[in-house]
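Fold and geometry: a report
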Amino acid sequence: DYPPANYGMGAVLFTKGRFEEAAAHFARTIERMPKHTEARGALGRTLAILGRGSEAESYLRQVMSPDAAADLQAALGNVLAETGRTNEAAPYFEKARQKDPKLADQYLQQGKMYLAQGQGQPALAAFAIAARLEPESAAAQESWGLLLAAQGKFPAAVPHLEKSLQLQPTAQGYYNLALAM
C-alpha cells in the first residue's frame, strides 16, 4: 500500500470519470500520508463533482492558500455558490480567473466530455463552474441551462437560457428557451 501509487491511481480514475473509485484512492492516500496536500485537493474536487459539498468544502479549505491552483479555487467557489454563499464564492472565482484566464473554456469542454460519456452530474458541475468563472460566456450559460432542462429542472434552467440569449441571440436559443418554459 504505497501512497504515491494510490494517488496516481486516483488521478487516472478521475480522468476516466470513475469518481467514486478515485475518491477512495485519494482518501487512502491521505490515510497513509496525512500531509499529502495534492491528495486533499484532488479529494475535494472529486467530492464536489459527486455532489458531496460539505465534505468537499472541508478538504478544499485544508489546501486553500493564495497560491492554490486555479482549479481548486474554482472548485471551492462552486461548492460555496451551490450552497447559496455567492458572496463568499466570488473571490475564489476571481482568483481562479486571474491565475488561469482560459479555465472557463477548459471546464466547458470538460462538461461536454462528461455529457458525451453520459455523466450528467459531473457535466452539470463543470458547466456551472464555467458559467460562474465567465458569466458573459453564452456557450457556458446555454450548456448549463440545457442540461438543467434535460434533467427536468426547468425553473433553474430558464435564467441561464435567457442570459445566453442576451449575450448571443440565436433562433435555436429561443427555441430552447421556449421548450424550457
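Quantities reported herein were computed from a predicted structural model and do not represent experimental measurements.

**Notes on helix α7 (residues 103-116)**
When the terminal C-alpha atoms of α7 are compared, their 20 Å separation across 14 residues agrees well with the 20 Å that a helix rising 1.5 Å per residue should span. What α7 keeps buried is the set L103, A104, Y107, L108, G111 and Y114. Buried residues of α7, viewed axially, fall in a sector of 140 degrees; they line one side. Residues of α7 that are exposed and point over 90 degrees away from its buried face: D105 and A116.

**Quick word on the pattern of salt bridges**
Inspection of the entire model under this criterion finds twelve salt bridges. One salt bridge in this structure joins E88 and R85, with 3.8 Å as the shortest N-O distance. Of the charged contacts, one joins R97 and E94 as a salt bridge, the two residues approaching to 2.7 Å between their closest N and O atoms. In this pair, R97 and E94 are both assigned in helix α6 (residues 86-99), three residues apart and thus about one turn of the helix distant. Linked through salt bridges whose partners overlap, the residues forming this network are E57, R61, R85 and E88.

Parameters and conventions
Residues numbered from 1 in each chain as written. Predicted model: local features only at pLDDT ≥ 70, side-chain atom pairs only at ≥ 80, totals over all residues. Heavy atoms only, no water. Helix = DSSP H or I, 4+ residues; strand = E, 2+ residues; numbered from the N terminus. Expected span 1.5 Å × (residues − 1). Buried < 20%, exposed > 50% of the residue type's maximum accessible area, 1.4 Å probe, protein only. Arc of directions from axis to C-beta. Salt bridge = Lys/Arg side-chain N within 4 Å of Asp/Glu carboxyl O.

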